[in-house]
Amino acid sequence: MDSIENYLQEHMQEMNDLLEELVNIDSGSYYKDGVDEVGSIIKTKFEELGMYVKVHREAEYGNHLEIKSSEEAEPKILIVAHMDTVFPVGDAEKRPYKIIDDKAYGPGVSDEKASHVAVLYALKALMENGSDAYQNVHIIFNSDEEIGSPSSKSIIKGAAKGKEYSLVVESGRPNDGVVTERKGAGSYTFDVQGKSAHAGVEPERGKSAIEELAYKTIKLQKLNDYERGISVNVGLVDGGTSTNTVPSEAKGSVDVRFKTKEQGKEVAADLSEIASEETVEGTSTELTGSLGRPPMEKVKGTEQLMDTIRSVGKELGMDIKEESTGGGSDAAYTSTENVPTVDGMGPLGEFSHSETDEYVDLPSFPKRTALLAKTIDRLSNGNQ
């Protein structure tokens, strides 16, 4: 076992204690007090290492943290983590951190509070082993990733300027997976207006908004092209006032996913065309929404970065596998700045957002943290 991995194994109890403390704090995206409490702990821990921490204060969401070795430092590696979870206030008290066999459970344990601990201890391990690679990292802890990073996107994109690499620490995948591609996403609403009438007395005077939405739903579902990586899902529908009234209003909410920016433009144009078409005469449709987080695509240098991670993993006895996923993350914002980016560099875990099943694999915790630390060291020393 090398010195970095050995250090992390020796400090596993400390890592576990900090993880328990963080998991037992509610930090849903809209619960600013909780996110800021997590941020305060993280700020203190990094300042104890001698790192410079800048706080980006927010009125609506939690504050964001920007961490470097000094205010003047110009590091080449960007690390991005998020402090918010998807869980409501009270969840941490209802189901606090617990360990069953070799797995840790609790709200946000994998997505992604274990990664907070991993980033901190990766830098600690580098410092303890005499590596100055910790000076080559620029860390963003943001507070709103789960809702699309509305207030932190510009901070992340700004930090990506001039960077050579971006390591995003969403949870690692089972079987030592690392993510190199993620789909982009968009959210749209079709608001259909028709004309109400009594369904028994004079139904012919009515113009059914639900019928029109049904025709549009079929057209929308036909846009799915799973082989190309395009998915369109009409996930919520609502309309009507009573069974004996021809409905004058109907609403459909649509989620779209796509692998490339070009596909996103294609799907957006298709949705606009479907909204403009009128199958039930006398109805009209308003389309609202937009493409949100862009896709994380491979850029020049991504394969070389993956080769480095595979090489480091091999030294640690890991067979690193490359994966793609339909879920979004802040990795999209660094890859769109043409920074070679990988995601899933956090500890191994599964079932993010699940109230019962989300977990972190504890035996892999120090090894995955060692993978992060040694990757930083390798990239910083130019020994790829």
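What this report covers is the structure whose coordinates are included nearby. Since the model is a prediction, treat every value here as computed from it, not as a measurement.

What counts as what
Residues numbered from 1 in each chain as written. Predicted model: local features only at pLDDT ≥ 70, side-chain atom pairs only at ≥ 80, totals over all residues. Heavy atoms only, no water. Helix = DSSP H or I, 4+ residues; strand = E, 2+ residues; numbered from the N terminus. Buried < 20%, exposed > 50% of the residue type's maximum accessible area, 1.4 Å probe, protein only. Areas by Shrake-Rupley, 256 points an atom, 1.4 Å probe, with all protein chains shown as cover. Core = buried A, V, L, I, M, F, W, Y, C linked by side-chain atoms within 4.5 Å. Contact = heavy atoms within 4.5 Å. Pairing = 2+ DSSP bridges. Axes fitted to C-alpha atoms, helices over the stretch in contact; angles between N-to-C directions. Expected span 1.5 Å × (residues − 1). Patch = residues over 30% accessible without salt bridge, like charges linked within 9 Å, V, L, I, M, F, W, Y side chains within 5 Å. Salt bridge = Lys/Arg side-chain N within 4 Å of Asp/Glu carboxyl O. Lys, Arg positive; Asp, Glu negative; His and termini not counted. Charge placed at Lys NZ, Arg CZ, Asp CG, Glu CD. Phe/Tyr/Trp six-rings, centres within 6.5 Å; stacked < 30°, edge-to-face > 60°. Lys NZ or Arg CZ within 6 Å of the ring centre and 35° of its normal. Polar contact = N/O pair within 3.5 Å; in protein donor to acceptor, adjacent residues only side chain to side chain.

### Quick notes on the overall build of the chain
Broken down by element type, the chain carries eleven helices and 18 strands. Taking the principal axes of the C-alpha coordinates as reference, the chain spans close to 85 × 45 × 40 Å. The proportion of buried residues among the 384 residues of the chain is 53%. With an accessible surface of roughly 16,600 Å², the chain has 44% of that area assigned to carbon and sulfur atoms.

### With respect to the nonpolar core
The tendency in soluble globular proteins is for nonpolar side chains to be buried as a group. Judged by nonpolar contacts, the single largest core of 64 residues is most densely connected at Phe46, Phe141 and Ile376. Element by element, the count of residues in this core is highest for helix H5 (residues 109-128), at eleven residues. In this view, Ile376 contacts Ile77, Ile79, Leu123, Leu126, Ala133, Val137 and Leu167; residues no more than four positions away in its chain are not counted.

### Focus: the sheet that holds strand E14 (residues 284-291)
One open sheet accounts for four strands, arranged E11-E13-E9-E14; its pairing is antiparallel. Each having just a single partner strand, strand E11 (231-239) and E14 make up the two edges of the open sheet. Across this sheet, the average inter-strand angle for adjacent strands is 15°, counted without regard to direction. Together, strand E9 (184-193), E11, strand E13 (249-258) and E14 form the strand contacts of helix H8 (residues 261-276), whose direction differs from that of E14 by roughly 165°.

### Considerations on helix H9 (residues 302-315)
With 14 residues, H9 extends 20 Å between its outermost C-alpha atoms, agreeing within 8% with the 20 Å of an ideal straight helix rising 1.5 Å per residue. Tucked into the core, H9 has its buried residues touching strand E7 (165-168), strand E8 (177-182), strand E15 (321-325), strand E16 (341-342) and helix H11 (365-380). Backbone geometry just downstream of H9 places Gly317 in the positive-phi region, at approximately 80°.

### Overview of the sheet that holds strand E4 (residues 98-100)
Spatial strand order, E4-E5-E18-E17: four strands in an open sheet with antiparallel pairing. On the outer flanks of this sheet lie E4 and strand E17 (349-350), each paired with one strand and no other. For E4 and strand E5 (residues 103-105), the ladder comprises three bridges, and the chain directions are antiparallel. Bridging across to E5, Ile100 finds its partner in Lys103.

### Here we look at a negative patch on the surface
A cluster of like negative charges, contributed by Glu14, Asp17, Glu20, Glu21, Asp33 and Glu37, occupies part of the molecular surface. At the level of elements, helix H2 (12-23) and helix H3 (32-48) are the ones that each hand at least two residues to the negative patch. For the negative patch, the leading source of residues is H2, giving four residues. For Glu20, the location among the structural elements is in helix H2.

### Brief notes about the packing of aromatic side chains
In the structure shown here, the tally under the stated rule is four aromatic pairs. Between the aromatic rings of Tyr105 and Tyr359, the centroid separation amounts to 6.3 Å while the plane-to-plane angle is 45°, which identifies the pairing as tilted. Of the two residues, Tyr105 sits in strand E5 while Tyr359 sits in strand E18 (residues 359-361), which places them 254 residues apart along the sequence. Judged by its relative accessible area of 9%, Tyr359 falls in the buried class. Chaining the aromatic ring pairs together yields one cluster made of Tyr105, Phe351 and Tyr359. One Lys or Arg, Arg95, reaches over the ring of Phe87 and ends 4.6 Å from the middle of that ring. For Lys103, the ring lying beneath its charged end belongs to Tyr359, and the centroid distance is 4.3 Å.

### Side note on the environment of Ser311
Tracing the backbone shows Ser311 in helix H9. In sequence terms Ser311 and Tyr359 are 48 residues apart; their C-alpha atoms lie 27 Å from each other. A polar atom in the side chain of Ser311 sits 3.2 Å from the side chain of Arg378.

### Remarks on the side chain of Lys163
As for its position among the elements, Lys163 is in the loop between helix H6 (153-160) and E7. Among buried Asp, Glu, Lys and Arg side chains, Lys163 stands out as unpaired, with Glu66 the closest opposite charge at 6.9 Å. A distance of 3.0 Å separates a polar atom in the side chain of Lys163 from a polar atom in the side chain of His138. Discounting residues that sit within four places of it in the chain, Lys163 has contacts with Pro75, Lys76, Ile77, Leu78, His138 and Val339.

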